[in-house]
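The primary structure of each chain is shown beneath.
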Amino acid sequence: RSRRGGTGNTGGTGGTRNGMDAPSAAGLGGADPQLQRFIEVETQKQRFQQLVHQMTELCWEKCMDKPGPKLDSRAETCFVNCVERFIDTSQFILNRLEQTQKSKSAFSESLSD
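In this report, we go over the structure that sits alongside the text. In this convention, every chain numbers its residues from 1, walking through the sequence in written order. Two thresholds apply to this predicted model, a pLDDT of at least 70 for residue-level local features and 80 or more for giving and counting side-chain atom pairs, whereas whole-chain, interface and lining totals are computed over all residues. By convention in this description, side-chain values take in all heavy atoms of the structure and omit both hydrogens and water.

For the rest of this paragraph, the subject is the packing of helix H3 (residues 33–63) against helix H4 (residues 73–112). Remark: H3 packs on H4, axes separated minimally by 9 Å, with the N-to-C direction vectors making an angle of 140 degrees. It follows that H3 is oblique to H4 by the angle criterion. In this structure, H3 crosses over H4, and the sense of that crossing is right-handed. In this structure, H3 uses Leu51, Gln54, Met55, Leu58, Cys59, Trp60, Lys62 and Cys63 to contact H4, whose residues at the interface are Arg74, Ala75, Cys78, Phe79, Cys82, Val83, Phe86 and Ser90. In terms of residue class, the contact of H3 with H4 is made up of 12 nonpolar, two polar and two charged. Axes here refer to lines fitted to C-alpha atoms; in helices the fit is confined to the stretch in contact. Angles between the N-to-C directions go from 0 to 180 degrees. Numbering goes from the N terminus for both helices and strands, where a helix is a DSSP run of H or I of at least four residues and a strand is a run of E of at least two. By definition in this entry, angles of less than 35 degrees are roughly parallel, angles greater than 145 are roughly antiparallel, angles of 65 to 115 are roughly perpendicular, and the rest are oblique. Whether a crossing is left-handed or right-handed is set by the direction in which the near helix is turned from the far one by less than a right angle, anticlockwise for left-handed and clockwise for right-handed. Here, residues are in contact when the closest pair of their heavy atoms is within 4.5 Å. Each residue gets one of three labels, nonpolar for Ala, Val, Leu, Ile, Met, Phe, Trp, Tyr, Cys and Pro, charged for Asp, Glu, Lys and Arg, and polar for the others, Gly among them.

Take a look at the structure:
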């Protein structure tokens, strides 16, 4: 139980708030390119860490009925499936957002012609 509580406490708003602050700092035109790159890398690390926390919390809630000294085969299978579906879903959403963004860009370019 302490693991679940720790996972939930570290994943949420702090990562989102910092992830939102960093791109605005990276968007400054006169900033040092090395500093911009550092901010981009740190932002990516934070986003990845946030995804891992979300996945851990979701799968823990879904798959752990009663924590014990060993992981039974049902729980292990559940965790594997949960992680795979989380990754598939995240990838699908990213691809869909990219497609939407590309189609919006193409549409706005055709309007300006």
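This brings us to the environment of Met64. As for its placement among the helices and strands, Met64 is situated in the loop between H3 and H4. Its relative accessible area of 16% is what places Met64 among the buried residues. When the C-alpha positions of Met64 and Ala75 are compared, they lie 6.4 Å apart, and in sequence the two are 11 residues distant. Apart from the residues within four sequence positions on either side, Met64 is in contact with Cys59, Leu71, Ala75 and Phe79. Think of it in three bands: with a 1.4 Å probe and only protein chains considered, a residue is buried below 20% of the maximum accessible area for its type, exposed above 50%, and partly exposed in between.

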